Amino acid sequence: MNSGEILFVKSVKDGIPNRDPLNDSDARRLFPEEDGRISLSDVSIKRDVRDFVIALEQDGGKDQKNHIFVQEKVNDKGKLLGRGSLAEGIAKSVGKEKKAKEDMKSVLIEHCFDVRTFGIVYSVKPKFNLTGPVQFGWAHSLHPVDTQYVQGTVVMPSMDSTADGEGKTQGTIWTSYTVPFAVFAMPAVINAKAAEHSGMTAEDQELLLRALWQGTQHRQARGRGQQQPLILIHIEYSDPFYRIGYLEDLITMSPDTTAWKAAGKLPSSLQDVSFDLTRLLAAVAEKQDKIAQCRIWAHPGVTISGDIAPWLQPLW
């Protein structure tokens, strides 16, 4: 497979997509407060991808190639499994327990999509690590965002009332931060040389792209909000040592930050914004001798400037 770059643009309404639902935390701000932008880590995107593959390729799929190593699993006593137990469970399910005792690394590479794609840090003896060919950067919002502190109530009490009237008689009050609306752009690179070591294939790459889109739609929860993939761009290079780089800086969203601040308000829906891909498409056209292919997936509700028709792909 070839080296490449990915730019993934998605929106979220009424939630914070990378928050810990058990932690009453605000959105991450890597930029100063006056800048107004918020950010998402690569962890949230990878979780979306992994959960989608788990749902799509149950028990590793028909060829037992797409198990997911990094996931929450519990034993029959309800205790969380550690890395060693997770790996041994996968080896057992593919009938390679004996081989795994001598070479767990090769078993996990052969049978785990996320190991081949994102790499692994295996801290159980014998320890090993593998750099993943797919590396996501931080996703930053394309506009200033205000988080809102909200409260709600849970009607159901946590304990039954007893016959003598003791026990919980009321529900509880919950509090949370939420983002009314935000659009994020996340870049990623695919390193073909790293893929040679991890065993990532072109088939894995296609599953990754599908999982970015459909995994974002698949994983919805109140704390994470309503998420929607908007634009997905994949540029594959024929020159393994070239990349355009910083694709997120080659797209703009209108109105821009200055306009929103001058207006004293923030975008609240897709209808409030549009995207300009002109500079990115010009860069692709200019470097055609180094590009094997460029593909773009776009939500039909998104307004885009720039002729993406030659690159546009059908949605999954």
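Residues numbered from 1 in each chain as written. Predicted model: local features only at pLDDT ≥ 70, side-chain atom pairs only at ≥ 80, totals over all residues. Heavy atoms only, no water.

## Focus: helix α2 (residues 83–93)
Because the α-helix completes a turn every 3.6 residues, residues three or four places apart line up on one side.
And then number 1: Among the residues making up α2, those that are buried are Gly84, Leu86, Ala87, Ile90 and Ala91. The buried residues of α2 occupy an angular sector of 165° when projected down its axis, which confines them to one face.
And then number 2: For α2, the secondary structure elements touched by its buried residues are α3 (97–111) and β3 (119–122).
And then number 3: Looking one or two places after α2, you find glycine 95, whose phi comes out positive at around 70°. (Buried < 20%, exposed > 50% of the residue type's maximum accessible area, 1.4 Å probe, protein only. Helix = DSSP H or I, 4+ residues; strand = E, 2+ residues; numbered from the N terminus. Arc of directions from axis to C-beta. Contact = heavy atoms within 4.5 Å.)

## Thoughts on the packing of α2 against α3
And then number 1: One can describe the packing of α2 onto α3 by two numbers: an axis separation of 9 Å at closest approach and a directional angle of 90°. Relative to α3, the element α2 is oriented roughly perpendicular. Facing Ala87, Glu88, Ile90, Ala91 and Lys92 of α2, the residues of α3 in contact are Glu97, Ala100, Met104, Val107, Leu108 and His111.
And then number 2: Its residues assigned to classes, the contact of α2 with α3 comprises seven nonpolar, one polar and three charged. (Axes fitted to C-alpha atoms, helices over the stretch in contact; angles between N-to-C directions. Parallel < 35°, antiparallel > 145°, perpendicular 65-115°, else oblique. Nonpolar A, V, L, I, M, F, W, Y, C, P; charged D, E, K, R; others polar.)

## Re the pattern of salt bridges
And then number 1: Evaluated as defined, the whole model comprises twelve salt bridges.
And then number 2: Notably, a salt bridge pairs aspartate 42 with lysine 46, separated by 3.3 Å at the nearest N-O pair. On the criterion of helical spacing, the pair formed by aspartate 42 and lysine 46 is a turn pair, its members being four residues apart in helix α1 (residues 42–56).
And then number 3: Salt-bridge contacts for aspartate 204 lead to arginine 116; the nearest nitrogen and oxygen are separated by 2.8 Å. (Salt bridge = Lys/Arg side-chain N within 4 Å of Asp/Glu carboxyl O.)

## Overview of unusual backbone geometry
And then number 1: The step from lysine 125 to proline 126 runs through a cis peptide bond, and the omega angle for that step is -5°.
And then number 2: Topologically, proline 126 is positioned in the loop between β3 and β4 (128–131).
And then number 3: Backbone torsion omega between serine 254 and proline 255 reads -10°, so that peptide bond is classified as cis.
And then number 4: Along the chain, the position of proline 255 falls in the loop between β11 (252–254) and α7 (257–263).
And then number 5: Positive phi, normally seen in glycine, also occurs at aspartate 59, with a value near 55°.
And then number 6: Assignment of secondary structure puts aspartate 59 in the loop between α1 and α2.

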